[in-house]
Each structure stands twice: as C-alpha cells, then as structure tokens.
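Examination of the molecular architecture
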Amino acid sequence: MNTPAEPVPDSRFYTVDVDDRVRVLIAEDDSRLAGMLDALLRSEGFDVELARDGQRALHLGLTSAYGAIVLDRGLPALEGLDVLRGLRESGVTTPILVLSALGTPPDRVDGLNAGAEDYLAKPFDIDELVARVRALTRRASAVVPTVRFPGGRLDTESRTVTLDDGERIALSERESALLERLARRPAQVFSRALLLEEVFADADDPGVVDTYVHHLRRKFGRSLVETVRGVGYRMGSL
Ligand code: CA
C-alpha cells in the first residue's frame, strides 16, 4: 500500500518545544512495528515523529531536535548506517539506538563504530527498548558544554572559542549563544525571525541578529557565518 509523501517541514519555522515532552524520531519502514513503537513511546510520555525511509530520517535528524533517534538498520532509500554516518558527519550529536534484524557481534560493532550509542537486535523486548530510549534521552539532556565546528570549538560555559591552531578567543554572552545555536545545527538555515526568537528573545529590534552576526565575523572572519540569500544564516567554517 502506498502512502502519500509527507510534507517536508520548513526548517525556518522549527521551534524549540515549550513543554517538557521529549521528542523521539523513529526511523522504521515496517509500518506495524513503527505504529507499535509510536503508540508505546507516546504512552510513555514521549512526542514521536516517524520516518519511513532513510532519506526522510536523515532530513529530519538534520533539521529538527530530538532527545533520541531509534534507527532501523534496513531502511529503503538510504540504509540506517548511512543515515547514522550522515548525521554524525554533520555534527549532529543526538543519541541513536540502532535496531537491526542482524544481531551478530560484528554487526553490532558496525553500528557502534558508525556512531550509535546503543544497539538492539530484532526481535527485542519492548520494555527493554523503552528503558534504553529513556536512558538515551536522559543522557542527551545532560548539558554538553563543548560544540565543535569546522575550524574550532566553543566552550559554552567559559564562552571561549579554541581554534584548531590553539588560539583562544573570548566571546560575549550573546555572541556565544548565537554561535552555539548555529554550530549545534550546522545543516540548518536559520531565518532572522527564528534566531531572534531562540537567541535574542528579550530583544525588540530584529536588527540585533545582523549586529551579532557582524560581531562574530569581525572576530573570526566572514566565512564563519554563511549568508543564505533571501532566507537567513547558516553555520560556515573558518
Ligand atoms: Ca527495515
């Protein structure tokens, strides 16, 4: 049975959840299993989003924030381990639990080597899956103070950038907040309105976004923040 393609969400309108429900992405092409996991995780208090193929999973993983991703290894369009590699190469650190019908030890090692936090072989115990998803989302909510980007890393606690050549540069609170937001979602194009809402919520003047982009570029060079014409900004590289 064919289901119509789901509309692609516009990442410019991506917003941080205001309630406490943790969002989990389930990438699973077996619709019975996906439906069961969806119902089960919802009943456990998670917000669930489903992806039926690997392309969709990669797109959602790059453009939305999740507490954890449950990723089937055998997916159409793009296989699970390629989704995993694609996310990790783009700097997405969301904890990922790989599900697989292949449960042999080398298979498990493949998944962990590709950047998965956990691995569960099918058929699995449903309570065990929920327990592991819970553990992963708890780990994700622990603050990760260091964010890497091409050319350096930002320590969000000391608000210091350390360049790959070892040079350290101090940032103001707002510069750090803006750089962190861009660097944690390197594939996302942010509109000014979104950055205003997420980084400068207390400011009235939309021009504050351009002002702080300018500050960052003055400290690090123009290439640190890319301008996407007609849309907004995206993380660049040094
Ligand atoms: Ca599958």
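Note that the structure is a prediction, hence the values are computed from the model and not measured.

1. Examining the sheet that holds strand β5 (residues 118-121)
Judged by pairing direction, the sheet is parallel, and its five strands sit side by side in the order β2-β1-β3-β4-β5 without closing on themselves. At either end of the open sheet lies a strand with only one pairing partner, and these are β2 (47-51) and β5. Across this sheet, the average inter-strand angle for adjacent strands is 20 degrees, counted without regard to direction. Both strand β1 (residues 23-27) and strand β3 (residues 68-72) contribute to a ladder of four bridges, which runs parallel. What sits directly across from Val24, in β3, is Ala68. The sheet contacts of helix α1 (residues 31-43) involve β1, β2 and β4 (96-100), and relative to β2 the element is tilted by about 165 degrees.

2. Observations regarding the pairing of strand β12 (residues 232-235)
Each regular strand displays side chains that alternate between the two surfaces of the sheet. With two bridges connecting them, strand β10 (residues 190-191) and β12 associate as antiparallel partners. Residue pairing across strands places Ser191 opposite Gly232, the latter belonging to β12. Across four bridges, the pairing between strand β11 (residues 225-228) and β12 is antiparallel. Paired with Val228 across the bridge in β12 is Gly232.

3. Observations regarding helix α3 (residues 80-89)
Here α3 has its buried residues at Gly80, Leu81, Val83, Leu84, Gly86 and Leu87. One or two steps after α3, the chain reaches Gly91, where phi turns positive at roughly 90 degrees.

4. Re the coordination of the calcium ion
Within the protein, the atoms that donate to the calcium ion are Asp29 (OD), Asp72 (OD) and Gly74 (O), at distances of 2.1 to 2.4 Å. All donors to the calcium ion come from one chain, and their sequence spacing reads D-x42-D-x1-G. Here Asp72 lies in strand β3 and Asp29 lies in the loop between β1 and α1, a separation of 43 residues in the sequence.

5. Points about the sheet that holds β10
Taken in spatial order, the three strands line up as β10-β12-β11 in an open sheet, and their pairing is antiparallel. Of all the strands in the sheet, just β10 and β11 have a single pairing partner and so form its edges.

6. What about the packing of helix α7 (residues 192-199) against helix α8 (residues 207-220)?
Packed helix pairs are specified by the crossing angle of their axes together with the interaxial distance, meaning the distance between the axes. Remark: α7 packs on α8, axes separated minimally by 8 Å, with the N-to-C direction vectors making an angle of 85 degrees. As summarised for this structure, α7 and α8 are arranged roughly perpendicular, according to the angle between their axes. Along its contact with α7, which presents Arg192, Leu195 and Leu196, the element α8 presents Val208, Val209 and Asp210. Per-class residue counts for the contact of α7 with α8 are four nonpolar, no polar and two charged.

7. A look at the packing of helix α6 (residues 173-184) against α8
Viewed as axis vectors pointing N to C, α6 and α8 meet at an angle of 90 degrees, and their least axial separation amounts to 10 Å. In terms of axis orientation, α6 runs roughly perpendicular to α8. The residues of α8 that touch α6, namely those facing Arg174, Glu175, Leu178 and Leu179, are Val208, Val209, Tyr212, Val213, His215, Leu216 and Lys219. Of the residues in the contact of α6 with α8, the class split is seven nonpolar, one polar and three charged.

8. Some remarks on the pairing of strand β8 (residues 160-163)
Residues Thr160 and Thr162 point to one face of β8 and Val161 and Leu163 to the other, with burial holding for every one of them. The sheet contact formed by strand β7 (residues 152-155) and β8 spans four bridges and is antiparallel. Following the sheet pairing, Arg153 is matched in β8 by Thr162. Of the strand pairs in this sheet, β8 and strand β9 (residues 168-170) are connected by three bridges, and their pairing is antiparallel. Looking across to β9, one finds that Thr160 is bridged to Ala170.

Reading guide: rules and limits
- Counting restarts for each chain, with residues numbered from 1 along the sequence as it is written.
- Predicted model: local features are reported for residues with pLDDT of at least 70 only, side-chain atom pairs are reported and counted for 80 or more only, and whole-chain, interface and lining totals are derived from all residues.
- Remark: hydrogens and water are excluded; side-chain values derive from all non-hydrogen atoms of the structure.
- A pair of strands is labelled paired if DSSP reports no fewer than 2 bridges between them.
- Helix numbers and strand numbers start at the N terminus; a helix is a DSSP run of H or I with at least 4 residues, a strand a run of E with at least 2.
- The convention used is that axes are lines fitted to C-alpha atoms, helices contributing only their stretch in contact, and that angles between N-to-C directions extend from 0 to 180 degrees.
- When checking whether two residues touch, look at their non-hydrogen atoms; a contact exists if any pair is within 4.5 Å.
- Exposure classes here rest on a 1.4 Å probe applied to the protein chains alone. A residue is buried below 20% of its type maximum, exposed above 50%, and partly exposed in between.
- Note on donors: an N, O or S atom is included if it sits within 2.8 Å of the metal, or within 3.2 Å for Na, K and Ca, and water is never included, so sites can look incomplete.
- Roughly parallel means an angle under 35 degrees; roughly antiparallel, over 145; roughly perpendicular, 65 to 115; everything else is oblique.
- When residues are sorted by character, Ala, Val, Leu, Ile, Met, Phe, Trp, Tyr, Cys and Pro go into the nonpolar class, Asp, Glu, Lys and Arg into the charged class, and all the rest, Gly among them, into the polar class.

Taken by themselves, the reported measurements are silent on function.
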